[in-house]
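Okay, here's what each chain looks like letter by letter:
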Amino acid sequence: MRKTILLLFLISSFMLTAQQFDKKLNGFRSQIVRSLKEYNEIPKNEVDSLQFKYLYSRKLATVNSKIVYYEFGRMTDHGYKFLAICNDGKLTIFPSTDFDAEFFKIISPLENVNIRKIDFFELFKTIKGIYDYNANPPWDRFK
């Protein structure tokens, strides 16, 4: 019985930490919710402060102290994923619908940066995965 309780505690605490929103993104709450409303992920008449608690984020890569790539979205089984880049204290959020059209904006923060410790293949494979997910979302497969 104790092992079961311990196992459930460990799983639930892992899930809680896995779903948290990155503290660096807290300052961009209103921008993030506005973008999600603009991209029709959140109904326009919803209260922003209530929507923020249902968001998750995942850090894809930290390039240097100023450039961080994130994936974020809503914690639902039918929500899209979005790419965001925090660069010099500014957050750029992509609709994540057309990889080819947004590619140059995605790589532009890396233009004048000397980077040696990042696996660009894995980063762009993950980013492309966000776009592929949005192009063929799992909830549309069973229609």
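Our subject is the structure listed above.
All of these numbers come straight from a predicted model, not from anything done at the bench.

Here is what the cut-offs are and how they apply
Along every chain, residues carry numbers that run from 1 in the direction the sequence is written. Residues qualify for local features only when their pLDDT is at least 70, as the model is predicted, and side-chain atom pairs are given and counted only at 80 or more; totals for whole chains, interfaces and linings, by contrast, use all residues. As a rule here, side-chain values come from all non-hydrogen atoms in the structure, and water together with hydrogens is ignored. Secondary structure elements are defined from DSSP: runs of H or I of at least 4 residues count as helices, runs of E of at least 2 residues count as strands, and each element is numbered from the N terminus. Only protein chains enter the area calculation, which uses a 1.4 Å probe; residues under 20% of their type maximum are buried, those over 50% are exposed, and those in between are partly exposed. Whether two residues touch is decided by their heavy atoms; if any such pair falls within 4.5 Å, the residues are in contact. The span expected for a helix works out to 1.5 Å for each residue beyond the first. A pair of strands is treated as paired once DSSP finds two or more bridges between them. Think of a salt bridge as a Lys or Arg side-chain nitrogen and an Asp or Glu carboxyl oxygen that are within 4 Å of each other. To obtain each axis, a line is fitted to C-alpha atoms, and for helices this fit is confined to the stretch in contact; angles are then taken between N-to-C directions over 0 to 180 degrees.

Asks: Explain the overall build of the protein residue by residue, including any values.
Replies: The helix and strand inventory of the protein stands at five helices and four strands. Reading the secondary structure of the protein in the N-to-C direction produces α-α-α-β-β-β-β-α-α. The buried share of the protein, reckoned over its 143 residues, is 36%. When contacts within the protein are restricted to residue pairs at least 6 apart in sequence, those whose partners lie at least 24 apart make up 47%.

Asks: Give me the lowdown on helix α5 (residues 120–135), citing residues and values where you can.
Replies: The end-to-end C-alpha distance of α5, which contains 16 residues, comes to 22 Å, matching closely the 22 Å that a straight helix rising 1.5 Å per residue would cover. Of the positions making up α5, those classed as buried are L123, F124, I127, I130, Y131, Y133 and N134. Where α5 is buried, its residues contact β1 (55–62), β2 (67–74), β3 (81–87), β4 (90–94) and α4 (99–107).

Asks: Any chance you could break down the pairing of β2 for me, citing the residues and the numbers?
Replies: Among the eight residues of β2, eight are classified as buried, and the element is accordingly described as predominantly covered. With seven bridges joining them, β1 and β2 adopt antiparallel strand pairing. Bridging from a neighbouring strand, Y56 pairs with G73 of β2. Between β1 and β2, which pair antiparallel one after the other, the connecting turn spans four residues.

Asks: Give me the pairing of β4: which residues, what numbers.
Replies: Bridge analysis of β3 against β4 gives five bridges, and the strand direction is antiparallel. When the bridges of β4 are listed, A84 appears paired with I93. Linkage of β3 to β4, two consecutive antiparallel strands, is achieved through a turn of two residues, within which D88 is found at a positive phi near 55 degrees.

Asks: Lay out the pattern of salt bridges in plain terms, naming residues and giving numbers.
Replies: Counted under the stated rule, the structure contains five salt bridges. Across the pair E122 and K125 runs a salt bridge whose closest N-O atoms are separated by 3.8 Å. Of this pair, E122 and K125 both sit in helix α5, three residues apart, which is roughly one turn of that helix. Accessibility expressed as a relative area gives 49% for K125, which makes it partly exposed.

Asks: Account for the sheet that holds β3, naming residues and giving values.
Replies: Across the sheet, which stays open at both edges, the four strands sit in the order β1-β2-β3-β4 with antiparallel pairing between neighbours. With one partner strand each, in any of the chains shown, β1 and β4 form the two edges of the open sheet. Averaged over all pairs of adjacent strands, the angle between strand axes in this sheet comes to 25 degrees, irrespective of strand direction. Pairing geometry for β2 and β3, over seven bridges, is antiparallel. Opposite V68, over in β3, you have C86 as the bridge partner. The strands touched by helix α2 (residues 29–38) within the sheet are β1, β2, β3 and β4, with β4 carrying the most contacts at an inclination of about 15 degrees.

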